[in-house]
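One-letter residues, chain by chain:
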Amino acid sequence: MRRHVLVLGDTRNDKLRHVTFESLTAACKLADGGSVYGALLGKNVSGMADQLAHYGADRVFVVEDDVLANYVPDAYARALETVIRESGAEVVLMAHSAIGRDLAPKLAARFEAGQVSDIVNIQIEGDSLVFTRPIYSGKAFTTNVMNEGMVFATVRPNNLAAAVADSSRSASVTKVTLELPADGLRTYIKEIVKKSTGDVDLSEAKVIVSGGRGVKSAEGFRPLQELAGVLGAATGASRGACDAGYCDYALQIGQTGKVVTPDLYIACGISGAIQHLAGMSSSKVIVAINKDPEAPIFKIADYGIVGDLFEVVPLLTEELKKV
Ligand code: FAD
């Protein structure tokens, strides 16, 4: 069944995040001969339109306005609503990021559409779309079937495969003017205070070195950061480490933190509480370093090292430097 599918470009530091390409690849499959559209909202974002075309967008809708320089819910919702009405999209995909989680239900309510969050797979069965998503903090998966009507879905990064980019394709761009409500916006950004989350984007990282209460202090994160540097990895943390003030809450992984799906997750001094596992148990390979052989993290680890992280981590770093 032909469908028109729209993917909202997810940008960070003036770059498109990889989840956008993963979503576009899925969109091409879902469109089934219909159109694949991209949407770029922001300030000076039109330069990214070709990249959306490389991954399958036939047409890219661009809304550029000073007010979109930072995420403002009312303005973004208005801009995306206009793009959806102009494009006639029936399926709208966006990243399961802070922005996607806010926008998708807002827009779904406006269009009286269905909405499914945090999807890790989409399949076509007959005329229906079948979305797979984790439930019970990742302990089980459920499928949501959409038989008809419009649907908004947020896509968990690092789960849908991205196609190989076709750089011979270029975008057909449609500029859309942002028309704000006459009575103005209800919220606006006064100041952005950036948290120190390191150079690598945690939610899209392929490798994560994560520390728990076992690191014992903010200083104790240093060996983990050195290992992360050698591996080109992001640094993460358990809530135990965040609560103890060893690192910023922006690093927290788990049920009430970020959900990550890296190729390699190295847990150092983390016990493996269920709430932490909720955020990282879908990692492809899990390595646990813990001095307690009974720590629950070893139950889900592919490789376990029983030992003191302050001895093991520097040894690993030194060995990996030689590779
Ligand atoms: P601990 O459980 O104290 O474990 C520390 C580990 O370090 C131990 O296993 C110890 O053996 C090991 N260790 C100590 N010293 C060393 C050393 N030198 N070398 C090697 N190993 C060492 N937690 C999250 O992580 N993310 C969440 O999102 C989250 N959300 C929550 C939501 C709710 C509603 C609740 C109730 C809890 C939540 N928690 C979350 C908290 C969670 O239950 C645990 O308390 C927390 O994950 C424990 O963190 P930890 O493993 O770092 O600390």
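Not measured: the values here are computed from a predicted model. (Residues numbered from 1 in each chain as written. Predicted model: local features only at pLDDT ≥ 70, side-chain atom pairs only at ≥ 80, totals over all residues. Heavy atoms only, no water.)

Draft legend 1. Summary view of the sheet that holds strand β9 (residues 128-135). With respect to topology, 3 strands assemble into an open sheet ordered β8-β9-β10, the strand pairing being antiparallel. Lying at the two open borders of the sheet, with one neighbouring strand each, are β8 (121-125) and β10 (140-146). Ignoring strand direction, the axes of neighbouring strands in this sheet form an average angle of 25 degrees. The pairing of β8 with β9 spans 5 bridges and is antiparallel. Across the sheet, the residue bridging to Ile-124 is Leu-129, located in β9. (Pairing = 2+ DSSP bridges. Helix = DSSP H or I, 4+ residues; strand = E, 2+ residues; numbered from the N terminus. Axes fitted to C-alpha atoms, helices over the stretch in contact; angles between N-to-C directions.)

Draft legend 2. Fine view of the site of the ligand. Taken together, 26 residues are adjacent to the ligand, and Arg-213, Ser-238, Thr-256, Ser-271 and Gln-275 come closest. Residue Arg-239 places a main-chain N or O atom 2.8 Å away from an oxygen atom belonging to the ligand. A distance of 3.0 Å is found between an oxygen atom of the ligand and a backbone nitrogen or oxygen belonging to Gly-269. For the ligand, the protein covers 76% of the area, taking 980 Å² as the surface of the free molecule. For the shell around the ligand, the residue count by class is 5 nonpolar, 15 polar and 6 charged. (Near = heavy atom within 4 Å. Polar contact = N/O pair within 3.5 Å; in protein donor to acceptor, adjacent residues only side chain to side chain. Areas by Shrake-Rupley, 256 points an atom, 1.4 Å probe, with all protein chains shown as cover. Nonpolar A, V, L, I, M, F, W, Y, C, P; charged D, E, K, R; others polar.)

Draft legend 3. Main features of helix α3 (residues 73-87). In this model, α3 (15 residues) spans 21 Å end to end at C-alpha, consistent with the 21 Å of a helix rising 1.5 Å per residue. When α3 is considered as a whole, its buried residues turn out to be Asp-74, Ala-75, Tyr-76, Ala-77, Ala-79, Leu-80, Glu-81, Val-83, Ile-84 and Ser-87. On its buried face, α3 is in contact with β1 (5-8), β4 (36-42), β5 (59-64), β6 (91-95), α4 (98-110) and β11 (151-155). Immediately downstream of α3, the backbone of Gly-88 shows phi near 70 degrees, a positive value. (Expected span 1.5 Å × (residues − 1). Buried < 20%, exposed > 50% of the residue type's maximum accessible area, 1.4 Å probe, protein only. Contact = heavy atoms within 4.5 Å.)

Draft legend 4. Region of the structure containing the side chain of Ser-210. Structurally, Ser-210 is set in strand β13 (residues 207-211). At 2.8 Å, the side chain of Ser-210 and the side chain of Tyr-265 are in polar contact. Dropping the residues within four chain positions of it, Ser-210 is found in contact with Leu-224, Gly-236, Ala-237, Ile-253, Tyr-265, Ile-266, Ala-267, Cys-268, Ile-270 and His-276.

Draft legend 5. Region of the structure containing the nonpolar core. Counting 35 residues, the largest nonpolar core has Leu-40, Val-60, Leu-93 and Phe-131 as the members making the most contacts within it. A per-element tally of this core places helix α1 (residues 18-31) first, with 7 residues. Not counting the four nearest positions on each side in its chain, Leu-40 is found in contact with Gly-9, Leu-16, Val-45, Met-48, Ala-49, Leu-52, Val-60, Phe-61, Val-62 and Val-63. Grouped together as the second largest cluster of nonpolar side chains are 30 residues, Leu-8, Ala-77, Ala-104 and Phe-152 included. (Core = buried A, V, L, I, M, F, W, Y, C linked by side-chain atoms within 4.5 Å.)

Draft legend 6. Broad picture of the packing of aromatic side chains. Counted according to the given criterion, the structure contains 4 aromatic pairs. Consider the rings of Phe-111 and Phe-152, whose centres lie 6.0 Å apart with planes at 40 degrees: the pair is tilted. Remark: Phe-152 occurs in strand β11 and Phe-111 occurs in the loop between α4 and β7 (114-119); sequence separation between them is 41 residues. For Phe-111, a relative accessible area of 17% gives the class buried. (Phe/Tyr/Trp six-rings, centres within 6.5 Å; stacked < 30°, edge-to-face > 60°.)

Draft legend 7. Highlighting the environment of Asp-118. Mapping Asp-118 onto the fold places it in strand β7. Remark: the alpha-carbon pair of Asp-118 and Ser-97, spanning 21 residues in sequence, is separated by 9.1 Å. Once you skip the residues sitting within four places of it in the chain, Asp-118 turns out to touch His-96, Thr-132, Arg-133, Pro-134, Thr-154 and Arg-156.

Draft legend 8. The sheet that holds β1, seen in detail. Spatial strand order, β7-β11-β6-β1-β4-β5-β12: 7 strands in an open sheet with parallel pairing. A strand with exactly one partner marks an edge of an open sheet, and here the two such strands are β7 and β12 (172-175). Ignoring which end each strand starts from, the neighbouring axes of this sheet average 20 degrees apart. Of the strand pairs in this sheet, β6 and β11 are connected by 5 bridges, and their pairing is parallel.

Draft legend 9. Looking closely at the UniProt feature "domain: Electron transfer flavoprotein alpha/beta-subunit N-terminal" (unreviewed entry) in the protein. Under the UniProt annotation, the feature "domain: Electron transfer flavoprotein alpha/beta-subunit N-terminal" (unreviewed entry) is placed at residues 5-191. For residues 5-191, helix accounts for 26% and strand for 33%, while the C-alpha atoms at its two ends are 34 Å apart. (UniProt positions renumbered as here; feature names shortened; annotations may be inferred.)

Draft legend 10. Main features of α4. Between its first and last C-alpha atoms α4 spans 19 Å; for 13 residues at 1.5 Å apiece the expected length is 18 Å, and the two agree. For α4, the full list of buried residues reads Gly-100, Leu-103, Ala-104, Leu-107 and Ala-108. Projected down its long axis, α4 shows its buried positions confined to an angular sector of 125 degrees, all on one face. Exposed residues on α4 whose side chains face more than 90 degrees from its buried face are Ala-98 and Ala-109. Looking at the buried residues of α4, the elements they touch are β1, α3, β6, β7 and β11. (Arc of directions from axis to C-beta.)

Draft legend 11. Broad picture of the packing of α3 against α4. Interaxial distance between α3 and α4 falls to 10 Å at its minimum, and their mutual angle equals 55 degrees. Considering the angle they form, α3 stands oblique to α4. Crossing of α3 against α4: the hand is right-handed. Seen from α3, the contacting residues are Pro-73, Tyr-76, Ala-77, Arg-78, Leu-80, Glu-81 and Ile-84; seen from α4, they are Asp-102, Leu-103, Lys-106, Leu-107 and Arg-110. Residues belonging to the contact of α3 with α4 are distributed by class as follows: 7 nonpolar, no polar and 5 charged. (Parallel < 35°, antiparallel > 145°, perpendicular 65-115°, else oblique. Left-handed = near helix turned anticlockwise from the far one by under 90°.)

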